[in-house]
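Tertiary structure, described
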Amino acid sequence: MALEQLCDVVQRCQAIKDEGFSPEDYDLFFTAGRTCIEEGNSAQVLSILVDEKNKNIVRCMGWNLLGPLVQILLKKEDRNLPHCHAILSHLLEVCSPKELLVGLLEQVEEADTGSIAETVTLLLKPLQTALLRLGVKKASSVGMALSTLLSQVARLPVPVTKEQEEDDVFGLCHCCTALLQFVKPFVEEIKEVVKDNNKISKDNELRVELLKFCMKSLSKPLLEVQLKDPDTLLKSPLRDFATEILIILSSIGESLPDLLSRNVLKRREVPGFLEEEVRYPKESLACLSYLLFVDHIAVDIFPAVLSPIFVLQCNMEYIDLLLSRTEESRLQKGLELYEKSLNRVEDNNLPVDLLELKTFFSVPQNLVKVMTLCPDQTLRTKGLKVFQLSIDKFNTEAKYKFFKGMLKTSHHAGVEGYIIKNIKNQVDFSLRPCNGNDWFLGKHLLPLLRLVLCLPHGPETDLLQNLDRIMESLNLLRYMLIRDKEWENETGIWIELYKIEDNYLKPLRTGLNMSKAHYEAELKSAKENKKISSKDSKTSVCSVTVDNEKLPNMTPEMQIQVLQSAVFTFDLIESVLARIEEIIETKERPLL
């Protein structure tokens, strides 16, 4: 029935000249042709389509059969495959390339999640054929095809382990490899232009579309991928894809060093219809930087002439972007890029001027968030390691100003405690022979100490919440009083001591006595309540209020344990504080 209908509509349309077919003709041709293909009559459909008398009909209406053809080809039914492939080849030869492009991309867009990889790999060659038929006016169509393809490929799950990349169950690796073959003739075309003219216009439309393809590939899937090194996976399709993307960038006239330093050099003069932020997305450049300096991709085409400090400065923009995200994969890449960039710099070599740059303020702030808020313990530990590495790279003046800034802005007792510990290390280093400096001794050190030796809310400061900061502050003060002799006073601590006593030690002693008395009373009450509740056979659950805050419901045993821990903490603070008070009381200038 359907075959007869197809023969009838084709016979009737043979008499129509040019493109004068009616909408009804299109509908009948599509409906009958689709049914024939679906019913397994593809051999008869092929014989009709290749008939020379029907060439004009096929040229105008044949592309409508792409949908049913693709569905049969995806099913891979052996009986119909040869004829369906032959029909597709004939359509690619005869039909309008623009209509073919629309029809093929429609099939790519409509692919369901389970068939994305198969659809993409099936249609890449037909798409390439249609695009090449467009001649010199193909640039925008190439861009449209690449955008559609990458949008679908980006939906595929990214392999995480070596085994997953080898198995390639979801087809991402196969798609990436096939995409490289797809763009090859278009890249070669640009390379020929460069070869003939020794340069190429930045606004050459085909070049721009290939640039957009590379930038989008860097963003997805490459920024999502953790590439395996050759020792782990000798043949890695994803590593090869990353390498080729960087080679394509270089081939189409993009300098990798210029791309890397784009944000630092503030290049805003890019001419043409595409704004720089669209042409060079920061997330894509972040991936480019990661590939170069962490994965060491395409190092043979990247000249090693940039200074380590300049590379770090360039990368800070990308590190900041990655560390500002919440996805663990982004955070990991941000930490690794920061670490690799810092490792290239010698210790004590970063000048203080860099702290005037916005990223040298925002990156530490984002790093603090990773260290304190990230749910992944491994990333928090890595964050702390990189934080210390960054401190080690600053010169003495930069360390001083960095510490000062962090004490004012971190608002986290643990981080402040860590900074104070670093200050102690710098003071210790400066007091050693031949290491004296103007920043961690004398007049510059005293303003820093005033930031360290203070209680945010005086005697009412929550000592438990600020424990890390308080303990490190007391350890620093104790060290300086013991290490720096009163008659030498290299740090200036002895002339500042009366202020420290009034503004820090006395309020701390008052707060400590109040807190300890309060918690000891609560502990006594909890023990008494336990004795009463022990007479009840049922397990008791109650709550305790400390400092106007209600603790979570817990058993009496848990309450007692928490309160005992708090009292022990106060004893710890008191032991150091008492030692400092003892040193101050007994320290006297020796008689001459």
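Residues numbered from 1 in each chain as written. Predicted model: local features only at pLDDT ≥ 70, side-chain atom pairs only at ≥ 80, totals over all residues. Heavy atoms only, no water.

Per an unreviewed UniProt entry, the chain goes by Glomulin and derives from Onychostoma macrolepis.

**Considerations on the overall build of the chain**
Spelled out, the test is: Secondary structure elements are taken from DSSP: a helix is a run of H or I of four residues or more, a strand is a run of E of two residues or more, and numbering for both begins at the N terminus. It is over C-alpha atoms that the radius of gyration is taken, and the globule rule equals 2.2 Å times the number of residues to the power 0.38. Contacts are assigned to residue pairs that have any heavy atoms within 4.5 Å of one another. Using a 1.4 Å probe, accessible areas were evaluated by the Shrake-Rupley method; residue-level cover was limited to the displayed protein chains.
A count of helices and strands for the chain gives 27 helices and two strands. Compactness check: the chain gives a C-alpha radius of gyration of 36 Å against a globular reference of 25 Å for 592 residues, more than 25% above the reference. Expressed as lengths along the three principal axes of its C-alpha atoms, the size of the chain is roughly 120 × 75 × 40 Å. At a minimum sequence separation of 6, the contacts of the chain that also span at least 24 residues come to 74%. Accessible surface, the chain as shown: approximately 29200 Å² in total, 51% of it carbon and sulfur.

**Some points on the packing of aromatic side chains**
Where we set the bar: Any two of the Phe, Tyr and Trp rings considered here, Trp counted by its six-membered ring, make a pair once their centres fall within 6.5 Å; the pair's planes then place it as stacked at under 30 degrees, edge-to-face at over 60, or tilted in between. Note on exposure labels: buried denotes an accessible area under 20% of the residue type's maximum, exposed denotes more than 50%, and partly exposed covers the range between, all computed with a 1.4 Å probe on protein chains only. We call a charge positioned above a ring when the Lys NZ or Arg CZ atom is no farther than 6 Å from the ring centre and deviates by at most 35 degrees from the ring normal.
All chains considered together, the criterion is met by nine aromatic pairs. An angle of 65° between the planes, with centres 5.9 Å apart, marks the rings of F182 and F186 as edge-to-face. Here the residue F182 and the residue F186 both occupy positions in helix α11 (residues 172–197), the gap between them amounting to four residues, near one helical turn. Judged by centre distance (5.1 Å) and plane angle (50°), the rings of Y400 and W439 are tilted. Note that Y400 is positioned in helix α22 (residues 396–409) and W439 in the loop between α23 (413–431) and α24 (445–452), a separation of 39 residues in sequence. Each of the two residues, Y400 as well as W439, counts as buried. Each residue in the set F387, F394, Y400, F402, F403, Y418, W439 and F440 is aromatic and connected to the rest through ring pairs, giving one cluster. The positively charged end of K424 is found above the aromatic ring belonging to Y479, 5.0 Å away from the centroid.

**Overview of the nonpolar core**
To keep things clear, this is the line we draw: In plain words, nonpolar cores are sets of buried Ala, Val, Leu, Ile, Met, Phe, Trp, Tyr and Cys residues tied together by side-chain atoms within 4.5 Å.
Of all hydrophobic cores here, the largest spans 189 residues; its most connected members are L91, F182, L218 and L474. A per-element tally of this core places α11 first, with twelve residues.

**Describing the side chain of N489**
Positionally, N489 belongs in the loop between α25 (467–483) and α26 (493–533). Residues contacting N489, with those up to four places away along its chain left out, are D484, W494 and I495.

**Some points on helix α13 (residues 237–251)**
Since there are 3.6 residues in each turn of an α-helix, residues three or four apart along the chain are aligned in direction. Stated precisely, the cut-off is as follows: To estimate the expected span of a helix, count its residues, drop one, and scale the result by 1.5 Å.
Helix length check: α13 (15 residues) gives 20 Å between terminal C-alpha atoms against 21 Å at 1.5 Å per residue, within 8%. Every buried residue of α13 is accounted for by L238, R239, F241, A242, I245, L246, I248, L249 and S251. Elements that come into contact with the buried residues of α13 comprise α10 (162–167), α11, α12 (205–219), α14 (256–260) and α17 (282–293). G253, located one to two residues past α13, shows a positive phi value of around 95°.

**With respect to unusual backbone geometry**
Geometrically, the link from K220 to P221 is a cis peptide bond, its omega value of 15° lying close to zero. Along the chain, P221 turns up in the loop between α12 and α13. Of note in this structure, D168 is not a glycine but carries a positive phi near 50°. Looking at the secondary structure, you find D168 in the loop between α10 and α11. D168 sits in the buried class, given a relative accessible area of 18%. Even without being glycine, H411 reaches a positive phi, approximately 55°. Within the secondary structure, H411 is located in the loop between α22 and α23.

**Looking at helix α8 (residues 116–133)**
Rules: Think of it this way: the bend at a residue is just the angle between two axes, each fitted to seven residues, one set ending at that residue and the other starting at it.
Compared with an ideal rise of 1.5 Å per residue, which puts 18 residues at 26 Å, α8 spans 25 Å between its outermost C-alpha atoms and is within 8% of the ideal. Its axis deflected by about 40° at L124, α8 carries its strongest bend there, up to four residues before the proline P126. Taken residue by residue, α8 has I116, A117, T119, V120, L122, L123, L124, P126, L127, Q128, A130 and L131 as its buried positions. Buried residues along α8 sit against α5 (66–75), α6 (81–94), α7 (97–109), α9 (139–153) and α11. One or two positions beyond α8, positive phi appears at G135, with a value near 70°.

**Things to note about the pattern of salt bridges**
What counts here: The salt bridge criterion pairs a side-chain nitrogen of Lys or Arg with a carboxyl oxygen of Asp or Glu, the two atoms within 4 Å.
A full pass over the atoms with the stated rule returns 27 salt bridges. D25 is the salt-bridge partner of R12, the closest N and O atoms lying 2.6 Å from each other. Of this pair, R12 sits in helix α1 (residues 2–13) while D25 sits in helix α2 (residues 23–38), and the two are 13 residues apart along the sequence. Judged by its relative accessible area of 41%, R12 falls in the partly exposed class. The partner of E166 in a salt bridge is K162, with the nearest N and O atoms 3.4 Å apart. One end of the pair is E166 and the other is K162, both in helix α10 and four residues apart, which spans about a single turn. Using a relative accessible area of 46% as the deciding quantity, one classes E166 as partly exposed. Within this structure, E224, E283, R325, E327 and R330 form a network of salt bridges that share partners.

**Let's talk about the packing of α11 against α13**
Under the convention used in this document: Under this scheme, a helix contributes an axis fitted over its contacting stretch, all axes are lines through C-alpha atoms, and angles between N-to-C directions fall in the 0 to 180 degree range. Orientation is classified from the angle alone, with under 35 degrees giving roughly parallel, over 145 giving roughly antiparallel, 65 to 115 giving roughly perpendicular, and any other angle giving oblique. Crossing handedness: left-handed means the near helix sits turned counterclockwise from the far one by under a right angle, and right-handed means the same turn made clockwise. Each residue gets one label: Ala, Val, Leu, Ile, Met, Phe, Trp, Tyr, Cys and Pro are nonpolar, Asp, Glu, Lys and Arg are charged, and the others, such as Gly, are polar.
As a packed pair, α11 and α13 sit with axes 10 Å apart at the nearest point and diverge in direction by 15°. Looking at the two axes, α11 sits roughly parallel to α13. α11 and α13 meet at a crossing whose hand is left-handed. Residue-level contacts link L172, C173, C176, T177, L180, V183, V187, K191 and V194 of α11 to P237, L238, D240, F241, E244, I248 and S251 of α13. A breakdown of the residues in the contact of α11 with α13 according to their chemical character gives eleven nonpolar, two polar and three charged.

**Examining the environment of K385**
Take K385: it is sitting in helix α21 (residues 377–393). Once the C-alpha coordinates of K385 and A286 are considered, the two residues, 99 residues apart in sequence, prove to be 21 Å apart.

**Notes on the state of the cysteines**
Put simply, the rule reads: Disulfides are defined in this document as cysteine sulfur pairs within 2.5 Å.
Following the criterion strictly, the structure yields zero disulfides and no others. Counting only cysteine sulfurs, C287 is the nearest neighbor of C314, a cysteine outside any disulfide, at a range of 17 Å. Relative accessible area serves as the criterion here: at 1%, C314 is assigned to the buried category.

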